[in-house]
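Each chain, letter by letter, is given below.
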Amino acid sequence: MPSVPEFLLRKLYVPASLKSLEDGFSFQLNNTLMTVSIAGLGIKADEKGIPVSCLSLQFAGEEERSAKEIKRTTPVILTLNRPLTVRVKTALNHPNKLQIEAQTIEMGILSFSIDLHPKKENWFFTCAKRTTGTIRSTLQIQKVRHDPHHPIYHFTPPANWMNDPNGLVNWQGKTHLFYQYNPQAPVWGTPCWGHAVSTDLVHWQRLPIALRPHPGQADQDGCWSGSAAITEDGPLFFYTGVFPETVCLAKPDTEFEKLELQEGNPVISAPPEGLTVEGFRDPNIWKEGDHWYLTLGTGIKGTGGAVLLYESTDMHKWNYLHPLLQGDSRRTDPFPTGTMWECPQLFELDGEYFLFISGCVIPGLQYTFYFQGKMQSHHLAPYTLKHLDYGCKVFYAPLSFLDEKGRRVMFGWLVEERDEAANRKAGWAGVMSLPRLLTLSPQKELQVDPLPEIETLRQKLVNSYEGKITSIPLEIGAGKQILNAEIISEMISTAGGKAIFLLAETFDAGEKTIIAYDFNRSLLSVDTRDTNCDSSYHGELKEAPLILRAGEMLELRIFVDGSVLEVYANHRMVISSRFYPERANRLRLFVRSDGAIIQVKSLKLWSMGHF
Ligand code: FRU
């Protein structure tokens, strides 16, 4: 759908048409661009959303229509050169600024703002400013595309900020992936839902923004995370409207390009009475028999993170049942679970129940973990608590779904590990993880693997090696840069020792990133402390316990993609990391041991192509 630049949309406002009324104000719009059908209208006056029930529209000589009655089936047709008076009932009679958002059938959402008392600006200066804005964003996208730290086979928007995956759903042969997106800047801001589709979960087509805040509605300050459900009427989306945090319901338009807010929102408007909570968000929905269930993440003051469980038969009226699980913020064993839980998701894998949580542990520290257990009368009785990814704070807010083949597939947000100033300089922040396949092992443990379709991203087998490694560094793929690559290896050691993968320009000096497995200590690690010689970058040593069973080989899959590192080990362990070497496009791959002789059954280096 083409988008109309804001400076053209501003021409719709009839200059000096603002009139103060006893109960508000009115102004006029005159369309000189092209006929459009308005299917919804939202207005903010001086940044305050006006409820849609306070808006009415009138063409000269016709009856006044309340904006509440305007829908896709009964739109207002804005033909050319026919002034339309918009009346706004509010306590404010002299607004300085209007923000107008018209949902149109032909052009999607048209939003623009009008400064009602503008300072006189030089025409040349105004044009120059607009042109600079357009050039700046084109240059930003170009710069991001050529940034060696920017991934090519992990999904991202073209520039600016993204965080959580949202609303994953299969519909008519395609998987729709939505995500928290700030199209304005490479920092978190009022979130919209970005949108992409795929037929294989690894190659993505970026689509226009699907969901934006609706002025005057429960989501006017942001469309936060949520999930999707397939119903008899097609997919429905439950997400968090802010502020305050509520649950909103949206439905895709017929082209599945936009998600439209439904009547009767929000469907859950406040936390259950009697609970003092911190946070009330991230609805996740599923069906059991004739009933729908929905969880929300929260923190109960003085107690800890919690997941609230709701039930419904019609998806509009929701009854609060009880906490599905209540955490304890004093807990430290095996690790703290924190005071507030975000993005909870409960699902079953062959009779075992898993509850994924993104936990706010202490201010500034968040990580993802999961409980495994049994369900008893809609309460989770957990018997295991584990990290989902030993990159901890790097892999956050995961969302899983059942794909078309019935497999449970998960995506997560790979968080930047550099500071905001560096993100601003780069012009982008946030990456979607590769799709991860979740299965249950014969020991009834959670297994995490890269989805097999990822192999279709492989381009060229750069090198393959079999034999032994010793303390003498062996270069794999001599002279080839390791910017967007997969390294897959199987190794065994009968005498302990350490297998070391080095991403560096030379093996003995300068910037280096180390991925290692210590056969003696059963420890997998990713070390980015010397990744960048610039002292403003602080890397980290990330370690994960990985005990190999008798006779079991070390099986590693290492995905390098610009500044992204995902290390999968033996189907049950992942360390996600971010790394920012100054000379990213000069990295080569060296493999060695600490002196022990380690047998390499197979080691392959693949170059990878674009998503
Ligand atoms: C998790 C989160 C969610 C919230 C969203 C806002 O990263 O904080 O709880 O809905 O991000 O962008």
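Right above here is the structure, for reference.
Residues numbered from 1 in each chain as written. Predicted model: local features only at pLDDT ≥ 70, side-chain atom pairs only at ≥ 80, totals over all residues. Heavy atoms only, no water.

### Here's the deal with the pairing of strand β11 (residues 160-171)
Within β11, 11 of the 12 residues are buried, which leaves the element mostly enclosed by the surrounding structure. Of the pairings in the sheet, the one linking β11 to strand β29 (residues 428-429) comprises 2 bridges and is parallel in character. When the bridges of β29 are listed, Trp-161 appears paired with Ala-429. Bridge count between β11 and strand β12 (residues 174-182): 7 bridges; the pairing is antiparallel. Within β12, the residue paired with Trp-161 across the bridge is Asn-182. Counting the residues that bridge the hairpin from β11 to β12 gives 2 residues, and of these Gln-172 lies at a positive phi of roughly 50°. (Buried < 20%, exposed > 50% of the residue type's maximum accessible area, 1.4 Å probe, protein only. Helix = DSSP H or I, 4+ residues; strand = E, 2+ residues; numbered from the N terminus. Pairing = 2+ DSSP bridges.)

### Observations concerning the pattern of salt bridges
In this structure the tally under the stated criterion is 32 salt bridges. The partner of Arg-583 in a salt bridge is Glu-505, with the nearest N and O atoms 2.6 Å apart. You can see Arg-583 sitting in the loop between β42 (573-578) and β43 (588-593) and its partner Glu-505 sitting in the loop between β36 (498-504) and β37 (512-518), a full 78 residues away along the chain. Its relative accessible area of 39% is what places Arg-583 among the partly exposed residues. Look at Glu-505 and you get partly exposed, because its relative accessible area is 23%. Overlapping salt bridges, with partners in common, bring together Lys-393, Glu-417, Glu-540 and Lys-542 in one network. (Salt bridge = Lys/Arg side-chain N within 4 Å of Asp/Glu carboxyl O.)

### Digging into the nonpolar core
By size, the foremost hydrophobic cluster in this structure holds 57 residues, and its most contacted members are Phe-356 and Leu-446. Apart from residues no more than four positions distant in its own chain, Phe-356 is found in contact with Cys-343, Pro-344, Gln-345, Phe-347, Phe-369, Tyr-370, Leu-388, Pro-398, Met-410, Leu-438 and Leu-446. Core analysis: the next-biggest nonpolar cluster, separate from the first, contains 34 residues, Ile-469, Ile-476, Leu-565 and Ala-569 among them. (Core = buried A, V, L, I, M, F, W, Y, C linked by side-chain atoms within 4.5 Å. Contact = heavy atoms within 4.5 Å.)

### Some remarks on the site of the ligand
Around the ligand, the neighbouring residues are Asn-163, Asp-164, Gln-180, Trp-188, Pro-191, Trp-224, Ser-225, Arg-281, Asp-282, Glu-342, Tyr-396 and Trp-413. At 2.7 Å from an oxygen atom of the ligand is found a side-chain nitrogen or oxygen belonging to Gln-180. Arg-281 places a polar side-chain atom, nitrogen or oxygen, 2.8 Å from an oxygen atom of the ligand. Listed by contribution, the elements that provide at least two residues to the shell around the ligand are β11, β15 (223-231) and β19 (277-288). Grouping the constituent residues of the shell around the ligand by class yields 5 nonpolar, 3 polar and 4 charged. (Near = heavy atom within 4 Å. Polar contact = N/O pair within 3.5 Å; in protein donor to acceptor, adjacent residues only side chain to side chain. Nonpolar A, V, L, I, M, F, W, Y, C, P; charged D, E, K, R; others polar.)

### Here's the deal with the packing of aromatic side chains
This structure, assessed with the given rule, holds 33 aromatic pairs. Ring centres of Tyr-310 and Tyr-320 lie 5.3 Å apart, and the angle between their planes is 55°; this geometry places the pair in the tilted category. Of the two residues, Tyr-310 sits in strand β21 (residues 304-312) while Tyr-320 sits in strand β22 (residues 319-326), which places them 10 residues apart along the sequence. Relative accessible area serves as the criterion here: at 27%, Tyr-320 is assigned to the partly exposed category. (Phe/Tyr/Trp six-rings, centres within 6.5 Å; stacked < 30°, edge-to-face > 60°.)

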